[in-house]
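Each chain is listed here by its residues.
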Amino acid sequence: MMTNDNAPPTAEKGPPRVHPWKDNPITREFEELAKNILKGELKRRGITYADLAKRLEKIGVSETERNLNNKISRGGFSAAFLFQVMTAIEAKELRLV
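Residues numbered from 1 in each chain as written. Predicted model: local features only at pLDDT ≥ 70, side-chain atom pairs only at ≥ 80, totals over all residues. Heavy atoms only, no water.

## What to know about the overall build of the protein
Along its length, the protein carries four helices and zero strands. When the helices and strands of the protein are read in sequence order from the N terminus, they spell out α-α-α-α. The burial tally for the protein puts 28% of its 97 residues in the buried class. Contacts in the protein between residues at least 24 apart in sequence constitute 61% of all its contacts with a sequence separation of at least 6. When the accessible surface of the protein is summed, it comes to about 7800 Å², and 54% of that surface belongs to carbon and sulfur atoms. (Helix = DSSP H or I, 4+ residues; strand = E, 2+ residues; numbered from the N terminus. Buried < 20%, exposed > 50% of the residue type's maximum accessible area, 1.4 Å probe, protein only. Contact = heavy atoms within 4.5 Å. Areas by Shrake-Rupley, 256 points an atom, 1.4 Å probe, with all protein chains shown as cover.)

Okay, here's the thing in structure tokens:
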């Protein structure tokens, strides 16, 4: 095998990261529920993703409108993100059903 001594070192790639819990149908079901709850709260208040980005910025969370759209559409966001959004929209309670 020939090597190029002038080439920058490359990191060896291992197997792809696998998150078996992400493939679990129950996980997907709860991600869908989280997404729908969050979208419902925004809709009830008439808050767009652009509005949400501005509100999040006020509490020190930097997200673009596009990032918010992608993150919420996937539904796989963290509990911390959910609470940041609830704080930003001044939600006092959350409807689970």
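The discussion continues.
## Concerning the confidence of the model for the protein
Across the protein, the average pLDDT comes to 85, with 76% of residues at 70 or higher. Confidence scores differ between elements of the protein, with helix α1 (residues 25-45) showing the lowest mean pLDDT of 91 and helix α2 (residues 49-58) the highest of 98. (pLDDT = per-residue confidence, 0-100.)

## Brief notes about the pattern of salt bridges
Summed over the entire model, instances satisfying the criterion amount to four salt bridges. Its salt-bridge partner being Lys35, residue Glu32 comes within 3.2 Å of it at the nearest N-O pair. Residue Glu32 and its partner Lys35 are both found in helix α1; the two are separated by three residues, about one turn of the helix. The class for Glu32 is partly exposed, based on a relative accessible area of 38%. For Lys35, a relative accessible area of 13% corresponds to the buried category. (Salt bridge = Lys/Arg side-chain N within 4 Å of Asp/Glu carboxyl O.)

## Structural notes on the environment of Leu52
With respect to the helices, strands and loops of the structure, Leu52 is situated in helix α2. Spatially, the C-alpha atom of Leu52 lies 7.6 Å from that of Val85, the residues being 33 residues apart in sequence. Those residues in contact with Leu52, other than ones at most four positions away along the chain, are Leu42, Ile47, Leu68, Ile72, Val85, Ala88 and Ile89.

## What about the environment of Leu42?
For Leu42, the location among the structural elements is in helix α1. The sequence separation of Leu42 and Ile89 amounts to 47 residues, and the corresponding C-alpha distance is 7.9 Å. Leave out the neighbours within four places in its chain, and Leu42 touches Ile47, Tyr49, Leu52, Ile72, Val85 and Ile89.

## Looking at α1
Taking 1.5 Å per residue as the helical rise, α1 with its 21 residues ought to reach 30 Å, and the 31 Å between its terminal C-alpha atoms agrees with that figure. Every buried residue belonging to α1 is among Thr27, Glu31, Lys35, Ile37, Leu38, Gly40, Glu41 and Leu42, and all of these are buried. Tucked into the core, α1 has its buried residues touching α2, α3 (65-74) and α4 (79-88). At the C-terminal side of α1, Gly46 shows a positive phi close to 70°. (Expected span 1.5 Å × (residues − 1).)

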